[in-house]
Amino acid sequence: GWLDYYPHLKLVVVMVISPFVLNVFAMWTADSFLQAAPADEEDVQAREMLVPGTPTSIGTTMTQADDDSPHGILSFQEWKKRTDAPGQNLRVEMGTI
């Protein structure tokens with residue numbers, strides 16, 4: 001390469017300048033992601049609507065979920081209420097036979 005005739009300069013370029021430049025680029029890139037303005041809810045919904053099959057109720061509180069709800073989506077709280085309801089518990093207890 002072009003630094004073969006200057007081994008000390010090659011050492012400085014390889015061990016100091018290249019890592020410094022690459023670290024600056026990495027930190028600059030990470031910083032730009034971390035300091036980016038958070039997307040507002042309308043932007044997120046607009047982007048989710050562009051993806052087919054993505055339910056739009058993710059992250060929202062569902063107060064009433066019926067069996068005929070679209071895609072059969074339940075909030076975690078509603079699912080927990082239904083699975084812990086008396087008479088609806090389908091867990092099998094291990095007993096003596």
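Cut-offs applied
- Residues numbered from 1 in each chain as written.
- Predicted model: local features only at pLDDT ≥ 70, side-chain atom pairs only at ≥ 80, totals over all residues.
- Heavy atoms only, no water.
- Helix = DSSP H or I, 4+ residues; strand = E, 2+ residues; numbered from the N terminus.
- Buried < 20%, exposed > 50% of the residue type's maximum accessible area, 1.4 Å probe, protein only.
- Areas by Shrake-Rupley, 256 points an atom, 1.4 Å probe, with all protein chains shown as cover.
- Expected span 1.5 Å × (residues − 1).
- Bend = angle between axes of the 7 residues up to and from the residue.
- Salt bridge = Lys/Arg side-chain N within 4 Å of Asp/Glu carboxyl O.
- Patch = residues over 30% accessible without salt bridge, like charges linked within 9 Å, V, L, I, M, F, W, Y side chains within 5 Å.

### As for the overall build of the protein chain
Logical step 1: Secondary structure assignment for the protein chain yields three helices and zero strands.
Logical step 2: Overall, the protein chain shows an N-to-C arrangement of helices and strands of α-α-α.
Logical step 3: Here the protein chain holds 97 residues, and 5% of them are scored as buried.
Logical step 4: Of the roughly 9,200 Å² that the protein chain leaves accessible, carbon and sulfur atoms contribute 64%.

### Some words on helix α1 (residues 7–34)
Logical step 1: Helix length check: α1 (28 residues) gives 39 Å between terminal C-alpha atoms against 40 Å at 1.5 Å per residue, within 8%.
Logical step 2: By the largest-angle criterion, V13 marks the main kink of α1, which is about 35°.

### A few points about the pattern of salt bridges
Logical step 1: Scanning the entire structure with this criterion turns up one salt bridge.
Logical step 2: As a salt-bridge pair, K10 and D4 come within 3.1 Å of each other at their nearest N and O atoms.
Logical step 3: The exposure class assigned to D4 is partly exposed, which follows from its relative accessible area of 46%.

### Remarks on a nonpolar patch on the surface
Logical step 1: A contiguous nonpolar patch, built from Y5, Y6, L9, L11, V12, V14, M15, V16, I17, F20, V21 and V24 and spanning about 1,300 Å² of accessible area, is present on the exposed surface.
Logical step 2: Take L11: it is sitting in helix α1.

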